[in-house]
Amino acid sequence: MNDLLDRTEEIVKKAKRLGADEVIAKTTLGKYRQVRFSNNQVDITVAWNDYTTDLTLAWKKRLVATQIHDFHDVDASLKQLIGLAKVSQENPTFGGFAKGSFQYSKSQPDKKLEDLESPTELVFEAINAAEKEAGSEIDSGGILFTKFEDIYQVSSEGPVGFDSRSAVELSIRAFSEREASGHGVECSSTLKDFKPSRAGAKAGEIAKLAKKPKIGDEGAYNVVFDPLIFGSVLGVWAGMASAFNVMIQMSVFVDKLGKKVAPEVVTLKDNPAAYSMAQRVFDDEGVPTKENVFIDHGVLKTYLHNTSTAKLFKAKTTGNAGLVAPNPWNVEMKPGDMSKEELFKEANNGLYLTNTWYTRFQNYARGDFSTIPRDGIFLFEKGEIKQSLKDLRISDNVLTMLGNVTGISKERQHVHWWAEADPPSLSPYVLIKNVHMTKSK
Amino acid sequence: MEEEIVDYALEYAQGKKVEYAEARALSQIQDRLILRNGVVEAYTSAIDSGFCVRIIANGGIGFASTNKWSKEEAKTIVDLAFKYAKATNRKDKLRFAEEKGVVKKWSVAQKKKIENVAPEDRISAFTEVDKALASCGVKVAATISQCSIDLITKYFVNSEGSRISSFVPKIGAYLFITVAEQGKTEQGYEQFGYSGGWEAFGVWKMEEKMVHNANVLRDVITKAKAVKPGNMDLICGSEVTGIAAHESCGHPMEADRILGREMSQAGRSFIYKGGEYWIGTRIGSDAVTVADDPTIENSYGYYLYDDEGIKARRRFLYKEGIINEFLHNRESAAKLGARSNGSSRSINYDREPIVRMANTFVVPGKSTEEELIEDVKEGVYMKSFTEWNIDDRRFNQRYVGKEAYLIKNGELQYPVARPVIETTTLKFWSAVDAVSKKVEYDAATCGKGDPGQGVPVYTGGPCMRLREVFVK
């Protein structure tokens, strides 16, 4: 460990000697494993091993970066980068990298995820659970992914840190009929808390309920969102809290700081805590990560910042760097006081949506978008599921939906799925009233 | 790139009990430039380089990659891939469709070498666009521009004797603008892509296109009226034709999707064995022929050999309205008793090659654009789009117009604000009664795979006329 930290530090010192004003180097030693499966069988098992140093430096407010893979000729890479900085253009809004030395929380990786011997066993736990729930004819596919990274990060401005990050996730989609499916996910930073059968059972349960779907009707519905689909929603909302997205008008939160953007019941925070598959103890500037409540009881409290965006907004960094753009790491919605069943009762009549994909915007600043629910879509009446539906699309607006949040469950699930429910989140069941659905004509 | 290490990896793999083995190396010089409001936020420049092996053993596939260039590391990843392949333990054993080995070197020429263009000149290609926007008379509230330059060297060898080397330079640009007028905003983007040298910028005409975008967005705010929802004729400009060709023809014709291999991510297809749609089934009118062709010179999706060493060729996906030929790699072709048609692509050494489109377009017809419009009594001309999406069976799609006009008695009247077509693949392609003769292409990044593999593609085609579709 110390050897790699020393090497990373040496790269920073060399860059300083060559004239850089500020330098950050991050060395990642990563092991990634993935099992992909479909039709209840494993298609491929994949392993990546990576050893890279990401180097970012500033020279007279010119920000340049490189990634070093070949450590035989680091000097040449550094000279080239400094040369690039000298012909690049000054960015007046660059506010420097974070300064000071920090104490970090202890990393809590699971060493068992460094090299999992039999990952396919976990896949079959999920497939079997789906079959148990929905019958042996069920057709399941998905991925099992494991990550184990050691991070050595050194900044010329003071921060020096080591972090070890582990993650494991399983995503399973089960089909009971050609157009009837359910999706379940299981995400964790440790193997101990990872139960693939939960994901399989959920996928199977929804797939069974989803049989014989009918084309749904257009209109405004009270919608109960499952934690998985709401993970997609939370990802969009949190992304719009990034100060960079506000600056480039790809956010509904422009000029909304301190204003009410949601009902009292909505509190959202970013928190890359130890349980999360996005666990981390410092950001890309070496600032300790922490809980950041960005919507507090409906009021937009802060954007997510790095040092540069914080200076522009006269705020403090929130530990979300991204050297150009701050990012949310792991979004948490504060639990409500209702059970899942009470949400359905409160909604009375409406739709229960379990997953979505392909969210696209007409206008980020205005918040107009559409997204396509998939897997189980259910019509319920008087709180009871009556009919499986298909071929509906949410065509609505971010601020309108935020404003119409009516109920939140006590129960939450840690979810992540592909690029659709990303970043990971701790997501509850949520009732939003008056959601507009459209369909093909 | 050290080819002898790649050769060693293959040789070492062949010493094991494998049914098939390949080793593939990729080295790319990558420059990335990001500007906000015409000011450089960051310039990154790096060389990414590594290699992978893919092995079939006991009817299973194992894949492993590394960016450490040593024979010792080569052995490590071969051992891993072999172990994983054997552990797969499939009931139905996987194999690849038959192919002969190929020995080939190919490359894309640059008229103006990217390597000779100084970084400051690369930057100014984008700052000039912002200057043009600032002086075009439209209130542009924000811009974000991104440029990607990749000089990609590949080396591929397999246990059937293939040995293929290639060099392809690719340039891409993405520009996003927000126009604010009368207290309202409208947003739009353009993407550009090219395989070749810096001459790309002469082809793209970025300044002209972005100023046009700014004017279109201002007109949406200041002049456009909503369309009265109902059945009417719709003229799709080449950009809308192209996205429809990509989304509701190219994607559902990917054989791995048809077979379910992408079921939990990008989804399946409305086309499947035993279902309503298969090869030979009608999906559109006679006027509709959609092709995918990696060999279009200088296209963003250009290649001559795919990442399994198969020669690229034009594929006719829908032919005169009939489902004609799927996109295949060697794995899907073997499962469906076909031959690969060179559709296997991987974005890097650490990703498996999967079935992908290259440049998907509607084949041109005989009419002019004017003739298509002249014959419309009442309708909408949707020249370009903003929001779009499609379900994971590739059957229910939606395109929202960016630049659009009302047509009355064969003439364009006034801009229409955000017209929407939301319909099925069958209805969309069946409604086409004529296509124009001039094809135009747009660059795009196609997403698929897990972890995601965004591959460069073209989407395109001529203008198309759809009769009596619901527009709102």
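Residues numbered from 1 in each chain as written. Chains lettered and ligands numbered in written order. Predicted model: local features only at pLDDT ≥ 70, side-chain atom pairs only at ≥ 80, totals over all residues.

So what's going on with the domain arrangement of chain A? Which residues, and what values?
The extent of an interface is frequently quoted as the accessible surface area lost upon association of the parts. Residues and elements named next belong to chain A. Partitioning chain A into structural domains gives domain 1 (2-209) and domain 2 (214-438). Its C-alpha centre places domain 1 at a distance of 23 Å from the equivalent point of domain 2. Broken down by secondary-structure element, the contributors of at least two residues to the side of domain 1 that touches domain 2 are β1 (22-38), β4 (139-155), β5 (160-177), β6 (180-188) and α4 (196-209). Among the residues forming the side of domain 1 that touches domain 2, the class breakdown is 13 nonpolar, 16 polar and six charged. (Domains from an automatic or database assignment. Helix = DSSP H or I, 4+ residues; strand = E, 2+ residues; numbered from the N terminus. Nonpolar A, V, L, I, M, F, W, Y, C, P; charged D, E, K, R; others polar.)

I'd love a proper account of the environment of B:Pro353, names of residues and values included.
Residue and element names in this part refer to chain B. Position of proline 353 relative to the elements: it lies in the loop between β12 (344-345) and β13 (354-355). Along the primary structure proline 353 and lysine 17 are separated by 336 residues, whereas in three dimensions their C-alpha atoms are 22 Å apart. What proline 353 contacts, discounting residues up to four positions off in sequence, is Asp307, Glu308, Asn329, Ser344, Arg345 and Ser346. (Contact = placed C-beta atoms within 7 Å.)

Just give me the short version of the interface of chain B and chain A, but keep the residues and values in it.
Each side of the interface is counted separately: chain B has 64 residues, and chain A has 60 residues. Looking at the side of chain B that touches chain A, the element that brings in the most residues is strand β2 (residues 39-57) of chain B, giving eleven residues. Along the lines of polarity and charge, the residues of the side of chain B that touches chain A split into 24 nonpolar, 22 polar and 18 charged. Examined bridge by bridge, strand β3 (residues 62-68) of chain A and β2(B) share two bridges and lie parallel to one another. Paired with A:Ala65 across the two strands is B:Thr44, which belongs to β2(B). (Pairing = 2+ DSSP bridges.)

Could you give an account of the sheet that holds strand β14 (residues 359-362) of chain B, with specific residues and numbers?
Two orientations exist for strands paired in a sheet by backbone hydrogen bonds: parallel and antiparallel. All names here are of chain B. The strand order β11-β10-β9-β14-β23-β22 describes an open sheet built from six strands, whose pairing is mixed. Because the sheet does not close on itself, it has two edges, and the strands there are β11 (322-323) and β22 (440-446). Sheet analysis places strand β9 (residues 290-292) next to β14, joined by three bridges and oriented antiparallel. Looking at β14, one finds that aspartate 292 is bridged to threonine 360. Against the sheet, helix α6 (residues 238-250) touches β9, β10 (315-319), β14, β22 and β23 (455-461), its axis set at about 120° to β23. (Axes fitted to C-alpha atoms, helices over the stretch in contact; angles between N-to-C directions.)

Please set out the pairing of β10(B) residue by residue, giving values where relevant.
All names here are of chain B. As judged from the three bridges shared by β9 and β10, these two strands associate in the antiparallel manner. When the sheet's bridge partners are listed, alanine 291 is paired in β10 with phenylalanine 316. Between β10 and β11, which pair antiparallel in sequence order, lie two residues; one of them, glutamate 320, sits at a positive phi of approximately 50°.

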